[in-house]
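Inside the fold
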Amino acid sequence: MGRFDLLVRGGTVVTPAAVEVADIGVLDGVVAAVGPDLAGSARETLDASGLHVFPGVVDAHVHCNDPGRADWEGLAHGTRALAAGGATTFVDMPLNASPPTLDGASFDLKLAAAKGSASVDFALWGGLVPGDVDRLDELAERGVVGFKAFMCPTGIDDFEMADDETLLAGMARAARLRLPVAVHAESAELTTRLAAQALREGRTTLRDYLASRPVVAELQAIERAVVMAELTGCSLHVVHVSTGTAVHLVAAARARGVDVTCETCPHYLALDEEDAVELGLVAKCSPPLRPRHHVEDLWRTVVAGEVALVASDHSPGPPELKQGDDAFAAWGGIAGCQTLLRVLLTEGPPRGLPLEAVAALSAAAPARRFRLAGKGSLAPGADADLTLVDMGIEAALGSGELLSRHRQSPLVGRPLRGRVGRTILRGSTVCLGGDMVASPGGRLVRPDPGLSTEARS
Ligand SMILES: [Zn+2]
């Protein structure tokens, strides 16, 4: 007989292990009990019958650009979009804030910006750039989940790409600190040369841009990063892989004992190269969208369990930076945190992805990989972060429902399955029917040093 603050009755509860009708009892912001027909009283009872209850999405790759570039996307707007999409925790990237999160002082600025403006819980990535490697110690002390490095130019002046020497030194230090390094893996040499050649020849369409970032550029960079991780004993995470071939490289390294995982993003799973050409610069990203056979190949690796997690790489910019005739000059980055879960629910099941895997890819696995204790789980003792979804609704995405700073998405007009009806953060509803209902109370989550960083093979 329990006494709960909140009782969510009769929902179809989705976890990586099972999909079954159950009640969830919440006390003091934590899941206190899960089971059929829980006995007990509660201050508030929600009837979730007919709805699916997912663990709140843990989006491991988001760019909220506070402080400094909130006019692109800030914590206030970005976290509302996250909540509306069913996310209760996200990991913020060290760029494109200004200053970027590269040391203790910039970490403190980011944290100060998040206080009072973040509607969901958050963790932070630190940056790995050329220069003083001791900054990684400062960031680790403050509580970053790991260090993000670029193997190609970032497009932002204050965040330099990591040359091989920087990557090696950074991985060695990260290994000592027991934190992972995440890499944007595209060969700088290939992409820079191909871009320069296209510009010399006056070829600046989106199709020219796509051709300047071939699959081989991604594969080469992944191989190099894997070798360095193997040499240094560093835990490696490859962000936003865009092809199944890239996933195979990562899986092969993991099979021989390298602690390496990869993520992919909803846009690589929902859209292809022809969509990019049709949609234009709203669909510009790097690595770029790929031909359809790569999309389906990537899906096969997701269904096979070779992709550790799906993250949005939410990285919008102001519309005026995504216009013009020069696709190379336009800002590359896609707004996607609000649609991550719905893309998985739309595109996954028809390809054989069970709902259990959706809960794993969107919540349990990222929380586990980045050691976010109490997140991404509906087990007793976990934070009561819940997302209630009506799976019976399929509707075209309207720009009016987007809560980002700029209401842009390459998915506008496309039918998406599942409506996120309610997002609950630590037992309190923060978003109801697409509208925010509670004041921002997002908290910093630091990685739990008691948990393992090891990738599951
Ligand atoms: Zn990113």
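My aim in this report is to walk through the structure given alongside it, one point at a time. None of the values given here were measured: they were computed from a predicted structure.

1. Notes on the coordination of the zinc ion
The zinc ion binds to the protein through His61 (NE2), His63 (NE2) and Asp313 (OD); the donor distances cover 2.0 to 2.1 Å. Here the donor residues for the zinc ion map to a single chain with the spacing H-x1-H-x249-D. Linking histidine 61 in strand β6 (residues 57–62) with aspartate 313 in the loop between β14 (309–310) and α12 (340–347), this pair joins segments that are 252 residues apart in sequence. You can call histidine 61 buried: its relative accessible area is 1%. Judged by relative accessible area, aspartate 313 falls into the buried class, the value being 10%.

2. So, the sheet that holds strand β9 (residues 126–127)
Taken in spatial order, the six strands make up an open sheet running β9-β10-β11-β12-β13-β14, and their pairing is parallel. Each edge of the open sheet carries a strand with a single partner, namely β9 and β14. Here strand β12 (residues 236–238) pairs with strand β13 (residues 260–264) via three bridges, running parallel. Bridge pairing in β13 links leucine 236 to valine 260. Helix α7 (residues 215–232) rests against β11 (181–184), β12 and β13 of the sheet, and its axis sits at about 170° to β12.

3. Concerning the sheet that holds β6
In spatial order, the strands read β6-β7-β8; together these three strands make up an open sheet with parallel pairing. Of all the strands in the sheet, the pair left with one neighbour each is β6 and β8 (121–124). Shown here is a sheet whose adjacent strand axes are inclined to one another by a mean of 20°, direction ignored. Packing of helix α1 (residues 75–84) onto the sheet brings it into contact with β6 and β7 (87–92), and relative to β7 it is tilted by some 135°.

4. A short note on a nonpolar patch on the surface
Taken together, the side chains of Leu168, Val227 and Leu231 present a nonpolar region at the surface, about 280 Å² in accessible area. Within the element layout of this structure, valine 227 appears in helix α7.

5. Quick word on the environment of glycine 352
Looking at the secondary structure, you find glycine 352 in the loop between α12 and α13 (355–369). For glycine 352, a relative accessible area of 46% corresponds to the partly exposed category. With 279 residues separating them in the primary sequence, glycine 352 and glutamate 73 have C-alpha atoms 35 Å apart.

6. What about the packing of aromatic side chains?
A full pass over the atoms with the stated rule returns five aromatic pairs. Ring plane angle 75° and centroid distance 5.0 Å describe the contact between tryptophan 125 and phenylalanine 370, whose orientation is recorded as edge-to-face. Separated by 245 residues along the polypeptide, tryptophan 125 in the loop between β8 and β9 and phenylalanine 370 in the loop between α13 and β15 (386–396) bring together distant segments of the chain. Per residue, the accessibility class of tryptophan 125 equals that of phenylalanine 370, and both read buried. Here the guanidinium or amino end of arginine 69 rests over the ring plane of tryptophan 72, the centre of that ring lying 5.5 Å away.

7. Some details on the packing of helix α8 (residues 244–255) against helix α11 (residues 292–303)
Packed helices, taken two at a time, are described by the angle between their axes plus the distance between the axes. The contact between α8 and α11 brings their axes to 7 Å, and the two run at 35°. In this structure, α8 contributes Gly244, Thr245, Val247 and His248 to the contact, and α11 contributes His294, Asp297, Leu298 and Thr301.

Reading guide: rules and limits
Residues numbered from 1 in each chain as written. Predicted model: local features only at pLDDT ≥ 70, side-chain atom pairs only at ≥ 80, totals over all residues. Heavy atoms only, no water. Donors = N, O, S within 2.8 Å, 3.2 Å for Na, K, Ca; no water. Helix = DSSP H or I, 4+ residues; strand = E, 2+ residues; numbered from the N terminus. Buried < 20%, exposed > 50% of the residue type's maximum accessible area, 1.4 Å probe, protein only. Pairing = 2+ DSSP bridges. Contact = heavy atoms within 4.5 Å. Axes fitted to C-alpha atoms, helices over the stretch in contact; angles between N-to-C directions. Patch = residues over 30% accessible without salt bridge, like charges linked within 9 Å, V, L, I, M, F, W, Y side chains within 5 Å. Areas by Shrake-Rupley, 256 points an atom, 1.4 Å probe, with all protein chains shown as cover. Salt bridge = Lys/Arg side-chain N within 4 Å of Asp/Glu carboxyl O. Phe/Tyr/Trp six-rings, centres within 6.5 Å; stacked < 30°, edge-to-face > 60°. Lys NZ or Arg CZ within 6 Å of the ring centre and 35° of its normal.

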